[in-house]
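Observations on the model geometry
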Amino acid sequence: ETTLGAAAAQSGRYFGTAINSGKLGDSAYTTIANREFNMVTAENEMKIDATEPQQGVFNFTNADRVYNWAVQNGKRVRGHTLAWHSQQPGWMQSLSGSALRQAMINHINGVMAHYKGQLYAWDVVNEAYADSGGGRRDSNLQRTGNDWIEVAFRTARAADPGVKLCYNDYNIDNWTWEKTQGVYNMVRDFKSRGVPIDCVGLQAHFNSGSPYNSNFRTTISSFAALGVDVQITELDIQGASATTYANVVNDCLAVARCNGITTWGVRDSDSWRSGDTPLLFDGNGNKKPAYTSVLNALNSV
Ligand code: G3I
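Bear in mind that the values here come from a model prediction, so they are computed numbers and not experimental data.

A word on the overall build of the protein chain. In terms of helices and strands, the protein chain carries eleven helices and nine strands. For the protein chain, whose C-alpha radius of gyration is 18 Å, the value lies close to the compact-globule estimate of 19 Å for 301 residues. A burial count over the protein chain gives 59% of its 301 residues as buried. The long-range share in the protein chain, meaning contacts at least 24 apart out of those at least 6 apart in sequence, stands at 76%. Positive and negative side-chain charges of the protein chain, numbering 26 and 28 respectively, have mean locations separated by a distance of 5 Å.

Set out below in structure tokens:
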């Protein structure tokens, strides 16, 4: 196959990208995105501040721009994200306790109702674990009670029983890290108690501080063994080593339940960290060596 999406589909997987609604008028951008990818994540447009800018007033204008572009071009969509300490609108930042807990529930219900039956998966909870120590991140949501994550997942299942419900985080790719073990133990606990969770998203923002490690495959297979799908949800690699990109893809291909990979943007110039040139296409839209190594890995299954 000659595109990332078609090559991934040979083994029943998808290959996606983050799409930014502000770039949908850039035909160089949409040409590559449409040709290469068959799954779409809205880079910012489905986040809390974008979809509920005032409490109880939902706005899906930009989210729907991304959703409609994807669906009109035959792509599926991952929802990102419903409960997160970051990119909260001001009104939510100022809430606490039971009012915040109820606002979280209302937000999940409001956004999921809009997209009910339309999405492949939702990142229900994003980045809830601390960067060190293996415990929860302190946040206004965490301070509503340790059960906020499972409440979010139970709310989400009831709101749209057909969509896969994911926990998504960064720095949970290295099996030896406490953060990875903390999330692993949470997922194991949820599965044992019947809390509805279908997938774990490994963001995979690799750089010199959190580099790719060959134990990534152990992390993927360990999560999968708990009975969840695993998706690489926000892949970018500082410097875009072709070898490292191929290793990441091969690690996913080695685990049956690793069923999709998304890069966090199209061209280097589209990246949230463009200075790291971390993506598969350069700023002129040319395929980089990493593109070829990824395509070859996908085609070798
Ligand atoms: O839209 C406003 C614009 O009106 C304003 O003029 C401008 C001035 O700074 O800001 C614009 O908003 C920015 C937004 O991106 C849209 O471009 C925000 O400041 C900026 O903070 C925001 O950054 C996003 C970041 O999440 C916020 O947390 C990045 O684009 C996005 O790539 C990044 O994505 C996250 C994932 O959601 C979760 N995992 C990590 C990943 C990378 O940080």
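On to the nonpolar core, then. Grouped together as the largest cluster of nonpolar side chains are 93 residues, with contacts concentrated most on Trp 122, Val 125, Phe 153, Phe 223 and Ile 232. One finds Tyr 14, Met 39, Tyr 120 and Cys 166 within the second-largest nonpolar core, a separate group that totals six residues.

Our focus in this paragraph is the site of the ligand. Close to the ligand lie 13 residues, the nearest being Glu 43, Lys 47, His 80, Glu 127 and Glu 234. In the model, a nitrogen atom of the ligand is placed 2.9 Å from a nitrogen or oxygen of the Glu 127 side chain. Take Trp 264: an N or O atom from its side chain is 2.9 Å from an oxygen atom of the ligand. Relative to its unbound accessible surface of 790 Å², the ligand loses 46% to contact with the protein. A breakdown of the residues in the shell around the ligand according to their chemical character gives three nonpolar, six polar and four charged.

Counted as a void, the largest pocket has a volume near 360 Å³. Forming the walls of the largest pocket are 19 residues, and the residues nearest its centre are Glu 127, Gln 203, His 205, Glu 234 and Trp 272. Among the residues making up the lining of the largest pocket, the classes are represented as four nonpolar, ten polar and five charged.

The next subject is the UniProt feature "active site" (unreviewed entry) in the protein chain. Mapped onto the present numbering, the UniProt feature "active site" (unreviewed entry) falls at Glu 234. Among the structural elements, Glu 234 can be located in strand 8 (residues 229–237). When its relative accessible area of 5% is taken as the criterion, Glu 234 is described as buried. In contact with Glu 234, other than residues within four places in its own chain, are His 80, Asn 168, Leu 202, Gln 203, Ala 204, His 205, Thr 262 and Trp 264.

The next thing to look at is helix 10 (residues 242–253). Taking 1.5 Å as the rise per residue, helix 10 with twelve residues should run 16 Å; its terminal C-alpha atoms sit 16 Å apart, in good agreement. Buried within helix 10 we find Thr 244, Tyr 245, Ala 246, Val 248, Val 249, Asp 251, Cys 252 and Leu 253. Where helix 10 begins, one side-chain oxygen reaches toward the backbone nitrogen of Thr 243, 3.2 Å away; that side chain belongs to Ser 241.

Its place among the elements puts Glu 36 in helix 2 (residues 27–36). Given the relative accessible area of 0%, Glu 36 is considered buried. At a separation of 2.8 Å, a polar atom in the side chain of Glu 36 contacts the side chain of Arg 35. A distance of 2.8 Å separates a polar atom in the side chain of Glu 36 from a polar atom in the side chain of Tyr 291. Ignoring sequence-local partners within four residues, the contact set of Glu 36 consists of Thr 2, Thr 3, Leu 4, Gly 5, Phe 15, Phe 281, Lys 287 and Tyr 291.

About the thresholds
Residues numbered from 1 in each chain as written. Predicted model: local features only at pLDDT ≥ 70, side-chain atom pairs only at ≥ 80, totals over all residues. Heavy atoms only, no water. Helix = DSSP H or I, 4+ residues; strand = E, 2+ residues; numbered from the N terminus. Rg over C-alpha atoms; globule rule 2.2 N^0.38 Å. Buried < 20%, exposed > 50% of the residue type's maximum accessible area, 1.4 Å probe, protein only. Contact = heavy atoms within 4.5 Å. Lys, Arg positive; Asp, Glu negative; His and termini not counted. Charge placed at Lys NZ, Arg CZ, Asp CG, Glu CD. Core = buried A, V, L, I, M, F, W, Y, C linked by side-chain atoms within 4.5 Å. Near = heavy atom within 4 Å. Polar contact = N/O pair within 3.5 Å; in protein donor to acceptor, adjacent residues only side chain to side chain. Areas by Shrake-Rupley, 256 points an atom, 1.4 Å probe, with all protein chains shown as cover. Nonpolar A, V, L, I, M, F, W, Y, C, P; charged D, E, K, R; others polar. 1 Å grid on protein atoms, 1.4 Å probe; cavity = no way out; pocket = protein on both sides within 12 Å on 5 of 7 lines; lining within 4 Å. Points joined across faces, edges and corners; volume = space filled by probe spheres on them. UniProt positions renumbered as here; feature names shortened; annotations may be inferred. Expected span 1.5 Å × (residues − 1).

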